[in-house]
Amino acid sequence: MTPTPSQAAATMTAMLDCPGCRLDGAWCTVHPMSMPVLACLILAAQPLHTDRLAHSRGVGEAMRSLVVPAENAGLLTSSTADLWMAAALLHDVGYARPGSGHHAVDGARYLRALGAPAPLVAMVAWHSTAPYEVAARGLEVDLAAEFGRPSPLGAAALWVADFTTSPHGRQISVEERLAEIRCRYPADSPVLAALDASQGDLAASFALVAAQLSPASSTAAA
Ligand SMILES: [Fe+2]
């Protein structure tokens, strides 16, 4: 059952008062909670617009449709699947914590301050077109120096999940997603500059996910 925002906020407050939750490298060794469940709680506690919450949960659903078959086929460990699910749910959390000029940086800094593991922080910092948009906006942020780099396959899976989910959380094609982004922003927006600059990497991400996370392709290769 999805917690209400006040239930989620109360749980988060209890966890942040817990010394175990502040341990470096392990999000919480005291509260027995999986990373995706914790991510759901953190997401539900944010002052995010309803659409942004629906999109985030939709990206979580899209990621689940990628990781469950891959995990069942032995292509992914359960801990990696949990990490990617948490990153999908929390990738846009920075919209609730503005500060740097780009939501990916804000979200990564917020999660790092909560004590989130470095691989999760890196996935949020680098998600989708974030590196291109940081450059297009001229922000003085060095993503690699500040957050390290996510695994290429994890970053590709998150990009695919994000770009096959509508702003309202519905599963759509990547072509529909690109078209709706182009409709939402003016032609001179850094969002569209980043989108244009990232097209090659976006295509490569879809290809990587198809090649390495699809049980059918692993069966064919075997
Ligand atoms: Fe997104």
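Along each chain, the written sequence defines residue order, and numbers are assigned to residues from 1. Predicted model: local features are reported for residues with pLDDT of at least 70 only, side-chain atom pairs are reported and counted for 80 or more only, and whole-chain, interface and lining totals are derived from all residues.

(A) Region of interest: the overall build of the protein. Numbered from the N terminus, helices here are DSSP runs of H or I no shorter than four residues, and strands are runs of E no shorter than two. Counting its regular elements, the protein contains 13 helices and zero strands. Along the protein, helices and strands appear, N-terminal first, in the series α-α-α-α-α-α-α-α-α-α-α-α-α. Field definition: a residue is buried when 20 or more other C-beta atoms are found within 10 Å of its C-beta, exposed when 12 or fewer are, and partly exposed for counts in between, with C-beta atoms placed from the backbone. Each of the 222 residues in the protein was classed as buried or not, and the buried ones make up 39%. We call two residues in contact whenever the C-beta atoms placed from their backbones are within 7 Å. Looking at the protein alone, contacts between residues at least 24 apart form 65% of all its contacts between residues at least 6 apart.

(B) How the structure looks around the packing of helix α4 (residues 78-90) against helix α6 (residues 118-125). Fitting a line to C-alpha atoms yields each axis, with helices limited to the stretch in contact; the angle taken between N-to-C directions then spans 0 to 180 degrees. In contact at an axis separation of 9 Å, α4 and α6 are set at 40° when each is read in the N-to-C sense. Put simply, α4 runs oblique to α6. Classified by chirality, the crossing of α6 by α4 is right-handed. Of α6, the residues touching α4 (which contributes Leu83, Ala86, Ala87 and Leu90) are Pro119, Leu120, Met123 and Val124. In these notes the angle categories are as follows: under 35 degrees is roughly parallel, over 145 is roughly antiparallel, 65 to 115 is roughly perpendicular, and the rest is oblique. Note on convention: the crossing is left-handed when the near helix lies turned anticlockwise from the far helix by less than a right angle, right-handed when the turn is clockwise.

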